[in-house]
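Here is how the chains run, residue by residue.
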Amino acid sequence: WDNADFSRGVGTTFYQEFPTLNTAKPPFVLDVEAKIRRYLRSSYSAAWTLKITWEKAPAYTARTDTRKTNTYQAILTTDGFRSYVLMLYQDGGMRWDYTRLTAPNVLIGYT
């Protein structure tokens, strides 16, 4: 993660909540459950899921170049006992110029 800067009116952030404790699960939540089962090789049934999307987010400071943007998501989900975060990046969507960021040790993903 790094600082995004929406002050120039470029990019947007939005979210969608999926409370699924006593309701039918939409395909998105079923996909999240399948990913967790596949990656962790354990059973999982989501009670609540939140999808946050940063779309075409310019890097801080936006006054440098608002054409080089990044699109990514964070998916938070829990079954009431265990909680997970999936961090997803658009294929080819990381266009920030990492040589101009404050931190020199740039990674995409989670380590």
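As a convention, each chain's residues are numbered from 1 in the sequence order in which they are written. Where local features are concerned, this predicted model is filtered to residues with pLDDT of at least 70; where side-chain atom pairs are given and counted, the filter is 80 or more; whole-chain, interface and lining totals use all residues. Remark: hydrogens and water are excluded; side-chain values derive from all non-hydrogen atoms of the structure.

- The name an unreviewed UniProt entry assigns to the protein chain is MUC4 protein, from the organism Centropus unirufus.

**Some thoughts on the overall build of the protein chain**
Working step 1: A run of H or I in DSSP counts as a helix once it spans at least four residues, and a run of E counts as a strand once it spans at least two, with each numbered from the N terminus. Of regular secondary structure, the protein chain possesses one helix and four strands.
Working step 2: Buried positions account for 32% of the 111 residues belonging to the protein chain.
Working step 3: The accessible surface values rely on the Shrake-Rupley method and a 1.4 Å probe; as for residues, cover is taken only from the protein chains in view. As presented, the protein chain carries roughly 7600 Å² of accessible surface, and 53% of it is formed by carbon and sulfur atoms. Partly exposed describes any residue whose relative accessible area lies between the buried limit of under 20% and the exposed limit of over 50%, with all areas from a 1.4 Å probe on protein chains only and scaled to the type maximum.

**Observations regarding helix α1 (residues 27–40)**
Working step 1: Any helix carries an expected span of 1.5 Å times its number of residues minus one. For α1, spanning 14 residues, the distance from its first C-alpha to its last is 20 Å, which sits close to the expected 20 Å at 1.5 Å a residue.
Working step 2: Of all the residues in α1, the buried ones are V29, V32, E33 and I36. The buried side chains of α1 occupy one side of the element, clustering within an arc of 95° when seen end-on. Of the residues in α1, the exposed ones pointing more than 90 degrees away from the buried face are P27 and Y39.
Working step 3: Any two residues whose heavy atoms approach within 4.5 Å are treated as being in contact. Elements in contact with the buried residues of α1: β1 (12–19), β2 (48–58), β3 (69–78) and β4 (83–89).
Working step 4: The first or second residue beyond α1 is R41, which carries a positive phi of 50°. This arc is built from the directions going out from the helix axis to the C-beta atoms.

**Concerning the pattern of salt bridges**
Working step 1: By definition here, a salt bridge exists when the distance from a side-chain nitrogen of Lys or Arg to a carboxyl oxygen of Asp or Glu is within 4 Å. The full count for this structure, using the stated rule, is four salt bridges.
Working step 2: Note that K35 and D31 form a salt bridge whose closest N and O atoms lie 2.8 Å from each other. In this pair, K35 and D31 both sit in helix α1, four residues apart, roughly one turn of the helix.
Working step 3: R82 is the partner of D79 in a salt bridge, and the nearest nitrogen-oxygen pair spans 2.9 Å.
Working step 4: Taken together, the shared-partner salt bridges connect K25, E33 and R37 into one network.

**Re unusual backbone geometry**
Working step 1: Although it is not a glycine, R41 adopts a positive phi angle of roughly 50°.
Working step 2: For R41, the location among the structural elements is in the loop between α1 and β2.
Working step 3: At K56, a position not held by glycine, the phi torsion is positive, near 50°.

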